[in-house]
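Results of the structural survey
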Number of protein chains: 2
Amino acid sequence: MNPPRGMRDILPADKARRERVLSVIRDRYRAHGFDEIETPALEEYSRLHAGVGGDNEKLAYNVLRRGLGGDDIERIGVAIGQAADNMAQLSDLGLRYDLTVPLARFYASNRGQLPGVFRAIQIGPVWRAERPQKGRYRQFMQCDIDIMGDDSARAEAELMVASLDALDALGLSGASVRINDRRVLDWMLDSFGFRADERPGVLITIDKLDKVGPDGIVAELREREATPAAVDALEAFLRRPLTMEYNPYGERQIRKALPENAPDDLVAHLVGIGEAVAAGSASAAESIDATPLVFDPFLVRGMGYYTGTIFELAHPSVGYSLGGGGRYDGMIGRFLGQDVPAVGFSLGFERLVDLVEFTADADSQAVVLVHDADVPVSELAAHKAAVLRSFRGAGRVRLERRVKNFKGLLERSAADGYTAFATVSAGAEPGALELKPLS
Amino acid sequence: MNPPRGMRDILPADKARRERVLSVIRDRYRAHGFDEIETPALEEYSRLHAGVGGDNEKLAYNVLRRGLGGDDIERIGVAIGQAADNMAQLSDLGLRYDLTVPLARFYASNRGQLPGVFRAIQIGPVWRAERPQKGRYRQFMQCDIDIMGDDSARAEAELMVASLDALDALGLSGASVRINDRRVLDWMLDSFGFRADERPGVLITIDKLDKVGPDGIVAELREREATPAAVDALEAFLRRPLTMEYNPYGERQIRKALPENAPDDLVAHLVGIGEAVAAGSASAAESIDATPLVFDPFLVRGMGYYTGTIFELAHPSVGYSLGGGGRYDGMIGRFLGQDVPAVGFSLGFERLVDLVEFTADADSQAVVLVHDADVPVSELAAHKAAVLRSFRGAGRVRLERRVKNFKGLLERSAADGYTAFATVSAGAEPGALELKPLS
């Protein structure tokens, strides 16, 4: 009698906490000029399997076409046996596995009604049929902001400033953003001597640097028979006597972290983001030295659709990423037939919500009315209404029948955020109850 | 390039309005002691098709099992051709078509962690593969409150008072609730002489009273060959010289609207609800005469799972129902193996949201910064940060590049809720922009 495998019910205390975190995030993103939109949970099968969703496409939940009979299904089974892409005969829709593919579709659908530069907030569940494991769910919330129609460093900077501001508002100050650029990675691999056709595979290996270290990377590339001279060049670069401390962030530091002669325009874009983040940060640390950015030339990020800047959000309290994103200038063109620059940032809501420490709810007008079983229904209703009226539109009132474990009842009420209680006997006058603190 | 058939994208202005309405409803329900919970969008196929979901079961979107190959599908197609209930071999999960079946499952799953009387708020989308038509969508929001573990009239009254309070807070005062009881209907049909086995069919016909009138009802029952003497008795009752005005609400009026000798306990339950609603109404109209209840002995409501009180929310501004609900004391037992009394109220959110008139957003700190193309990215970031800082955590700021249609840009900004603007030129000092009203 449980929820489906890998999914979960959210109980009151947890739900209240989640809604509160979402409300803070939503408010801060709106403050920065972003507007919330919503798309359906379902998208057409063909769009979810158009090759832009990367590995997530394989994890999609596919929805059965309505109205198919046994004969239809038998025939389709034969067709799928011949070519797996006949699956679309059986499934016309699927549950979204991210909010980016639906956003690109949304932008293509509604472009005429959107401003030239469109800043979107999306908050909603996504579904992935992953192998269930601790802390990973098959339905989870995503919390994305995206900017479409702006190819300048301003867009990246706005995403970062707004997200860092949201983290501050949640009490998670001191976050930083690791940043790189897919074009920088491509140039770097080219400069080492990797052929264009082997670079995607090399990136998949490099993505494991945090886990396996330089030795593991080099060993894997040798085993994969990547161009030997290029692997040697990469190895020499990884072993160069440079501390990994790239802070402070700026042109000199970025160039020092890369092979020589990195392209000026790419470096300038990275430097521009740093300047704008410094100037725009809420704490008014108007110097690039204070930018909470860290350049990491080996940051890869898995998604195949990234075309430029990529970034990940880090916080000193945890070893894992709290979010990330990047530029995907090509994706909207897949749907619209015309390229539109786009860049997005996704907060790892499920991880964030566990980190946030809220002080107790400041709502002091939360009262539990404990009543004996013999109090008439209409008297209870009158007591509840009188207390609610006294709160003038704020506060909360809950009725509880007296139970043997009175202390337990009061403790549970306090855990639910209630701060006072009163006992109600038959015949008591509404509005004249004595409130006692729950503590 | 549109959303899936029968589904829709929600654009910024509409989304902001929806979130605002939801926030008011959530706050008022919380004020009345309800707690929000969340269940997954997917439930197991067998639970969604257990016979408790009524006609909605046929409208469920079913999710394909993962990992099936063409051979499996072919074999399952043959099995389904032999017996349709083999469909569960093809589909293990489905999207919920309401929030009531998942709530019953949730209660059975989590009962040990819930209070004896549990008041739940559920706000979330549901999916039904209905024939698309104007104003009806295949994904839509439901907004339910339910009370589990209380079989007294207090539960119904709490649902009604809280929902009427939420409507008041949305500016929709003057709503009323039509009320009846499935047991009253059953007794009434019995008293006319309908056999127990024909009563479910008779109820389906009576449910059309609003549409086809007494003549239509009688004609349809004769055509269906219902017990002739019973149809005659029903016809005589429908044609009795009684005005349909049942207000004011009370025992005398309820008895007058029914055949003679209605069972005392059922009438007392209905009267008790009225007394508690009168005593509990936020406006403190502490007289049953002022109860916003209307007894309607021919109210049926379609769902087969109702076992007692049923009700519908009406508002003078519209001819259709704005919500409704009822008692379903048997459903949790289907999942838990032990009956738990339960009663729920579902607000018709998609209808409500169109009726609510919000006065313009009171947020006067919403500023658009219109800039020329040559203003450096870091200057723009500094301007935005300075204005946001001046708002001390409130307010909103959006950057807009100057376009030829400057007036259009300002109009669109005003429509998005922004109230002031400033123009930004290169080299201007942050914090010294002149704000002008957008009007």
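Preceding block: the structure.
In this text, all values refer to a predicted model and were calculated from it rather than measured experimentally.

1. Some thoughts on the overall build of chain A
Assigned secondary structure in chain A consists of 15 helices and 15 strands. Residues counted as buried form 57% of the 439 residues belonging to chain A. Counting contacts in chain A only where the partners sit at least 6 residues apart, residues at least 24 apart contribute 68% of the total. Each charge class in chain A was averaged separately, 53 positive and 64 negative side chains, and the resulting centres sit 5 Å apart.

2. Description of the side chain of A:Arg26
With respect to the element layout, A:Arg26 can be found in helix α1 (residues 12-31). With residues near it in sequence (within four places) discarded, A:Arg26 still touches A:Glu36, A:Ile121, A:Ile123 and B:Glu19.

3. Quick notes on the sheet that holds strand β13 (residues 396-401) of chain A
Sheets are built from strands paired through backbone hydrogen bonds, the pairs being either parallel or antiparallel. Residue and element names in this part refer to chain A. On the basis of which strands lie adjacent, the open sheet formed by four strands has the order β13-β12-β14-β15 and mixed pairing. In this open sheet, the two strands that pair with only one neighbour each are β13 and β15 (436-437). In the sheet, strand β14 (residues 420-424) pairs with β15 via two bridges, with the strands oriented antiparallel. Bridging across to β15, Ala-420 finds its partner in Pro-437.

4. With respect to the relation of the copies chain B and chain A
Under the fitted operation, chain B is carried onto chain A by 0.0 Å of movement along the axis and a turn of 180°, and the coordinates agree to an RMSD of 0.0 Å. Here the transformation between the copies is reduced to the relation of a two-fold axis. Of all interface residues in chain B, 99% are interface residues in chain A too; the two copies therefore contact each other through one and the same surface.

5. Quick notes on the packing of helix α11 (residues 264-280) of chain A against helix α14 (residues 377-390) of chain B
With their axes 7 Å apart at the nearest point, α11(A) and α14(B) run at an angle of 20° to one another. Here α11(A) is positioned roughly parallel relative to α14(B), judged by the angle of their axes. Taken as a pair, α11(A) and α14(B) cross one another with a handedness that is right-handed. Here A:Glu275, A:Ala276, A:Ala279 and A:Gly280 of α11(A) lie close against α14(B), whose contacting residues are B:Val377, B:Ser378, B:Ala381, B:Ala382 and B:Ala385. Per-class residue counts for the contact of α11(A) with α14(B) are six nonpolar, two polar and one charged.

6. Things to note about the packing of helix α8 (residues 209-223) of chain B against helix α9 (residues 228-238) of chain B
All names here are of chain B. Two numbers describe how α8 lies on α9: the axes approach to 9 Å, and their chain directions differ by 150°. Taken together, the axis directions place α8 and α9 in an arrangement best described as roughly antiparallel. Relative to α9, the crossing made by α8 is left-handed. On the side of α8, the interface is formed by Leu-209, Pro-214, Ile-217, Val-218, Leu-221 and Arg-222, while α9 contributes Val-231, Asp-232, Leu-234, Glu-235 and Leu-238. A class-by-class count of the residues in the contact of α8 with α9 yields eight nonpolar, no polar and three charged.

7. Digging into the pairing of strand β9 (residues 309-314) of chain A
Residue and element names in this part refer to chain A. Of all six residues in β9, five are buried, a share of seventy percent or more. For β9 and strand β10 (residues 323-327), the ladder comprises four bridges, and the chain directions are antiparallel. Paired with Phe-311 across the bridge in β10 is Gly-325.

8. A short note on unusual backbone geometry
Even without a glycine there, the phi angle at A:Glu225 is positive, about 60°. The exposure class of A:Glu225 is exposed, given its relative accessible area of 70%. A positive phi is found at B:Asn261, a non-glycine position, where the angle reads about 65°. Tracing the chain through its elements places B:Asn261 in the loop between α10 (251-256) and α11 (264-280). Residue class for B:Asn261 comes out exposed when judged on its relative accessible area of 69%.

9. Notes on the pattern of salt bridges
Here the structure, examined in full by the defined rule, presents 84 salt bridges over all chains. The closest approach of N and O atoms between A:Arg398 and A:Glu400, which form a salt bridge, is 3.8 Å. Comparing A:Arg398 with A:Glu400, the two get one shared label, buried. Salt bridges sharing partners connect three or more residues here, namely A:Lys15, A:Glu19, B:Arg26, B:Glu36 and B:Glu38.

10. Notes on the interface of chain B and chain A
It is common to report an interface's size as the accessible area lost on association of the parts. Counting residues at the interface gives 98 residues for chain B and 97 residues for chain A. Viewed at the interface, chain A and chain B are joined by 12 salt bridges. Note that A:Glu19 is salt-bridged to B:Arg26, the shortest N-O span being 3.5 Å. Among the elements that line the side of chain B that touches chain A, the one with the most residues is α14(B), at nine residues. For the side of chain B that touches chain A, the class distribution of residues is 46 nonpolar, 21 polar and 31 charged.

Rules used in this analysis
Residues numbered from 1 in each chain as written. Chains lettered and ligands numbered in written order. Predicted model: local features only at pLDDT ≥ 70, side-chain atom pairs only at ≥ 80, totals over all residues. Heavy atoms only, no water. Helix = DSSP H or I, 4+ residues; strand = E, 2+ residues; numbered from the N terminus. Buried < 20%, exposed > 50% of the residue type's maximum accessible area, 1.4 Å probe, protein only. Contact = heavy atoms within 4.5 Å. Lys, Arg positive; Asp, Glu negative; His and termini not counted. Charge placed at Lys NZ, Arg CZ, Asp CG, Glu CD. Pairing = 2+ DSSP bridges. Least-squares fit on C-alpha atoms with pLDDT ≥ 70 in both. Axes fitted to C-alpha atoms, helices over the stretch in contact; angles between N-to-C directions. Parallel < 35°, antiparallel > 145°, perpendicular 65-115°, else oblique. Left-handed = near helix turned anticlockwise from the far one by under 90°. Nonpolar A, V, L, I, M, F, W, Y, C, P; charged D, E, K, R; others polar. Salt bridge = Lys/Arg side-chain N within 4 Å of Asp/Glu carboxyl O.

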